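Results of the structural survey
Residue strings, one per chain:
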Amino acid sequence: QTFNFSNVHLAVTGGTHIIVPTPKIEMFVIQQCVQATGQWLGDIIHLDGVHQVVQLVPRFGAQMPPGMTCDNCLETGQEFYINIFADKEVFHAVLS
């Protein structure tokens with residue numbers, strides 16, 4: 001699956017728009033990339049192209065969608081938080 005950073009939270013620095021973490025929880029939001037047909041975009045990457053593994057936390061409103069579990073949340077969710085607090089390497093990699 002392919003994800004992009006959400007542009008929901010933007011800041012302007014020196015005339016440049018930058019993506020910033022969600023206020024209050026300080027986590028970035030990502031969205032699944034979807035084709036016009038509704039199918040997910042994805043790609044096969046080489047393992048040496050992986051720089052950091054991250055923990056994704058499903059983003060939903062006041063209630064979790066019916067039927068969503070820890071086993072199917074990547075298939076049922078559309079937006080996710082990147083949990084930068086999972087370990088210090090992720091924290092420094094995302095915020096530096």
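Residues take numbers from 1 onward in each chain, read along the sequence in its written order. Totals for whole chains, interfaces and linings use every residue, but because this is a predicted model, local features are given only for residues with pLDDT of at least 70 and side-chain atom pairs only at 80 or more, for both listing and counting. As a rule here, side-chain values cover all heavy atoms of the structure and leave hydrogens and water aside.

Considerations on the overall build of the chain
Cut-off, in case you're wondering: Working definition: helices are DSSP H or I runs of at least four residues, strands are E runs of at least two. Numbering for both runs from the N terminus. Contact definition: two residues touch when any of their heavy atoms are within 4.5 Å. What sets the accessible areas is the Shrake-Rupley method with a 1.4 Å probe; for residues, cover comes only from the shown protein chains.
The secondary structure content of the chain amounts to 2 helices and 6 strands. Along the chain, helices and strands appear, N-terminal first, in the series β-β-β-β-β-α-β-α. Sequence separation of at least 24 residues holds for 60% of the intrachain contacts in the chain that already meet a minimum separation of 6. A total accessible area of about 7,100 Å² is found for the chain, and carbon and sulfur atoms account for 58% of it.

Focus: the sheet that holds strand β4 (residues 28-32)
What counts here: Paired strands, as defined in this entry, are two strands with at least two bridges between them according to DSSP. Helix axes are fitted to C-alpha atoms over the stretch in contact, other axes to C-alpha atoms as well, and angles between N-to-C directions run from 0 to 180 degrees.
The antiparallel open sheet is built from 4 strands, whose spatial order is β1-β4-β6-β5. The open sheet has two edge strands, β1 (3-5) and β5 (56-58), and neither has a second partner. Taking each pair of neighbouring strands and ignoring which way they run, the sheet shows an average axis angle of 40°. When β5 meets strand β6 (residues 79-82), the two strands line up antiparallel, connected through 3 bridges.

Here's the deal with the pattern of salt bridges
Just so we agree on the cut-off: Each salt bridge in this description consists of a side-chain nitrogen of Lys or Arg and a carboxyl oxygen of Asp or Glu lying within 4 Å of one another.
As enumerated under the stated definition, the model contains 1 salt bridge in all. Note that Glu79 and Arg59 form a salt bridge whose closest N and O atoms lie 2.7 Å from each other. With Glu79 in strand β6 and Arg59 in the loop between β5 and α1 (73-76), this pair connects stretches of sequence that are 20 residues apart.

Points about unusual backbone geometry
Short version of the rule: Each residue gets one of three labels from its accessible area relative to the maximum for its type: buried under 20%, exposed over 50%, partly exposed in between, using a 1.4 Å probe on protein chains only.
If you check the backbone angles, Lys24 has positive phi at about 75° while not being a glycine. Look at Lys24 and you get exposed, because its relative accessible area is 83%. Positive phi, normally seen in glycine, also occurs at Glu26, with a value near 55°. Here Glu26 is to be found in the loop between β3 (16-19) and β4.

Remember, this is a structural readout, not a statement about activity or role.
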